[in-house]
Amino acid sequence: MQRVSLIVLVVSFLLNGCAQKKEEMSHKYTNALINETSPYLLQHAHNPVNWEAWHPEVLKRAEEENKPLLISIGYAACHWCHVMEHECFEDEEVAKMMNENFINIKIDREERPDVDQIYMDAIQMMTGNGGWPLNIVALPDGRPFWGATYLPKDNWVKSLEQLIELYKTNPDKILGYADDLERGIKAINLVENKEETISYSLEQLGRAVENWATYFDTFLGGYKRAPKFMMPNNIDFLLHYGTSQKDEKILKYVNTTLTRMAYGGIFDHVGGGFSRYSVDTKWHVPHFEKMLYDNGQLISLYSKAYAVTKNELYKKTAEESIAFALEELADENGGFYSSLDADSLDENNELEEGAYYVWTAEELQTILKVDFEIFKDYFNINSYGQWEENYVLIRDKSDKDIAEKHNISVTALKEKIDSSLSILKQERSKREKPRLDDKILTSWNGLMLHGLVDAYRYLGDKSYLELALKNATFIQTKMKKADGGLYRNHKKGKSNINGFLEDYASVIEAYISLYEVTFDIKWLKEAQQLTNYTIVHFQDTDSKLFYFTSDEDDSLIRRSIETNDNVISASNSIMGKNLLKLHKVYMDKGYGDLANEMLKNVQGNFDLNAQSYSNWLHLVLYKQQNFYEIAIVGDNYKSIGREIAQNYLPNSILVGSPEEGPIELLENRYNEGETLIYVCIEGTCKLPVQSAEEVLKQL
């Protein structure tokens, strides 16, 4: 039997080797990226440029050969990355010049955000702007001295020729640039340990929000600028702030933004899910790539907003975003893939941004026939919805308004629109689909897991809990290392990059939320174990904030500390919230003190830049208002917990057990034959009650 297995293994190895050789023979060029798993890197594996991935031995060879590094950073769904590849990196003459003079490194920014952060800071210092593709020229030790984003071929070649000449004839000047940039890169990332002990007050928070509000687009939602990013953490905090402070003005802005985004072309009305951002002020024309991290966060946000408002639009938007993720991004083992490309093949068999998603008026009329007139009004097949020669579906009126105009009921209107969208989806399936980035990233899966948990919690669909449990189990079994840490990436059974702080932070947050809807203690224990691992391997002992990279990773120019909330919340702000919540359950572990120290060292930024610290601001509300531990003990703990959980209660954590539980909040609370609910603050509890309704009164 063993001999047969060995023969099978040998044959499999030989066949795989032959398949790879055959693939290499079918292309004129094959470089070292052929051995990587990232779809973005594999896209460049047959460029004539001698690309290599970011590995310590590559940097060592650059030093030995005294060649500068040419580092090009992008991601699979990036439109301008594809354009530059076609214009520059597929050109044999350009590749010859790059190969002779540089060690060329390709980086998938989604796999290596640690490297991307440093070089993005560098290019913003050099040029005032950033973006992808991000192209950096650096000394062999990795210190940058030049950078640019997209450049057309002529500009690219001219720039590189000048740099080569300067590197050869005036190396001292290059060293001077690199030294100055290195100092700047390190300086902008410093976080001092503040001596002050005064907590940020609600009055200060109110002034910070008031200052922030001057940037609000109160008519179209978002901010008064283009392009428009959705910024889920901004809206999530403002939802929390508006409900807790009963600020109707803020809540109106939140609802305007959520409605306009759901109405906009940035939401795929045919297939569900959100694109990354819109290039205009009205959320109309998206940059068409669809990212898991956006959709995970927005599923969570729309589910919470539904809990507050009972607006059916929000529920529908969350449901259709989950349906999109399941159809396009779900791995059969429970993980979720990273993204869909912005580009797809058009009718001329050329890659074109948005080709999969847009329509001509003639197409729509032919496909929808008698229902076209209503569809045309509903989705603005007119000058408002036109983009170049095509149409991107966008709404600007409610169902009620359109139904009245066409003298039909809202129910009949919805049936017609749903039928039309179903027909269009079937028609669209005949087109060439955008390329899939099928790598699985831990942090983005954590965001999606949190979204699924919130969807189950607030929308009530049990299938979402099943999906959440499958995804949580995938993370637990496939993304975890033998030492208790996490991997960053996974593809076809292979993981080869250590997890970064954002991987730990998002998974811990998701596990805590999963515990709150299942009361399965293993998820809380997993969250605590990962937190303890993070404290050991990531913490800066001075500021109590966490480094982005583990102490087990290779050193870079600096060890970054991420504090600014961006399209994804800063890993430190997520960790601050995690620590505060774990403190409420494990009060003797010092987690609360750590959260307070972290908050103290960043709160000086809140007054004038609240939008860049929005996720941190939840901690101010947690500290300055009552934060409740809700403990449920008895036979009906799950059903009562479910009843309580469907309410929007951001300043709380739920724990439950059928009898005496394994954590302090659940000890000495069991009374046979009854299910008792205790509302507590820092472990001090009110008299127990027996219904969810009574709990809500106590809150």
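Residues numbered from 1 in each chain as written. Predicted model: local features only at pLDDT ≥ 70, side-chain atom pairs only at ≥ 80, totals over all residues. Heavy atoms only, no water.

Outline the environment of Gly 451, supporting the account with residue identities and numerical values.
Relative to the helices and strands, Gly 451 resides in helix H18 (residues 442–459). With relative accessibility at 0%, the residue Gly 451 sits in the buried group. Between the C-alpha atoms of Gly 451 and Gly 673, which are 222 residues apart in sequence, the distance is 35 Å. For Gly 451, the residues in contact, after removing those within four places along its chain, are Gly 296, Ile 299 and Ser 300. (Helix = DSSP H or I, 4+ residues; strand = E, 2+ residues; numbered from the N terminus. Buried < 20%, exposed > 50% of the residue type's maximum accessible area, 1.4 Å probe, protein only. Contact = heavy atoms within 4.5 Å.)

Any details on the state of the cysteines? Residues and values, ideally.
By definition, a disulfide links the sulfur atoms of two cysteines through a covalent bond. For the coordinates displayed, the defined rule picks out 2 disulfides. Each disulfide pairs two cysteine sulfurs, and for Cys 680 the partner residue is Cys 685, the sulfurs being separated by 2.0 Å. Judged by the torsion about the S-S bond (90°), the Cys 680/Cys 685 disulfide is right-handed. When the bonded cysteines of the protein chain are numbered from the N-terminus onward, they pair as 1-2, 3-4. Left without a disulfide partner, Cys 88 is nearest to the cysteine sulfur of Cys 81, which lies 12 Å away. (Disulfide = S-S within 2.5 Å.)

Describe helix H6 (residues 113–127), listing the residues and the values that go with them.
Along its 15 residues, H6 runs 20 Å from first to last C-alpha, staying within 8% of the 21 Å computed at 1.5 Å per residue. Where H6 is concerned, the buried positions are Pro 113, Asp 114, Val 115, Asp 116, Gln 117, Ile 118, Tyr 119, Met 120, Asp 121, Ala 122 and Ile 123. At its buried positions, H6 is contacted by strand S1 (69–74), strand S2 (103–108), strand S3 (134–138), strand S4 (144–148), helix H8 (171–187) and helix H20 (501–518). Backbone geometry just downstream of H6 places Gly 128 in the positive-phi region, at approximately 85°. (Expected span 1.5 Å × (residues − 1).)

Describe the packing of helix H10 (residues 232–244) against helix H24 (residues 614–624), and please don't skip the residues or the numbers.
Here H10 crosses H24 at 25°, and the two axes come no closer than 8 Å. Taken together, H10 and H24 sit at an angle that is classed as roughly parallel. Of the two elements, H10 crosses H24, and the hand of that crossing is left-handed. Here Asn 233, Asn 234, Asp 236, Phe 237, His 240, Tyr 241 and Ser 244 of H10 come into contact with H24, specifically with Ser 614, Leu 617, His 618, Leu 621 and Tyr 622. Classifying every residue of the contact of H10 with H24 by side-chain character gives 5 nonpolar, 6 polar and 1 charged. (Axes fitted to C-alpha atoms, helices over the stretch in contact; angles between N-to-C directions. Parallel < 35°, antiparallel > 145°, perpendicular 65-115°, else oblique. Left-handed = near helix turned anticlockwise from the far one by under 90°. Nonpolar A, V, L, I, M, F, W, Y, C, P; charged D, E, K, R; others polar.)

Please set out the nonpolar core residue by residue, giving values where relevant.
If you look at the biggest cluster of nonpolar residues, it comprises 184 residues, and the most contacted ones within it are Trp 156 and Ile 644. Counting residues per element, this core draws most heavily on H20, at 11 residues. In contact with Trp 156, not counting residues within four places along its chain, are Leu 70, Met 84, Cys 88, Phe 89, Val 94, Met 98, Asn 135, Trp 146 and Leu 151. Listed in part, the 21 residues of the second largest apolar core include Ile 105, Ile 107, Tyr 119 and Leu 134. (Core = buried A, V, L, I, M, F, W, Y, C linked by side-chain atoms within 4.5 Å.)

Got a sec to walk through the packing of aromatic side chains? Specific residues and values, please.
Scanning all chains against the criterion turns up 31 aromatic pairs. Between Tyr 75 and Trp 132, the aromatic rings sit 6.0 Å apart at their centres with planes inclined by 80°, giving edge-to-face as the arrangement. One end of the pair, Tyr 75, is in the loop between S1 and helix H4 (79–89); the other, Trp 132, is in the loop between H6 and S3, with 57 residues separating them in the sequence. Taking relative accessible area as the criterion, Trp 132 reaches 22% and is therefore assigned partly exposed. (Phe/Tyr/Trp six-rings, centres within 6.5 Å; stacked < 30°, edge-to-face > 60°.)

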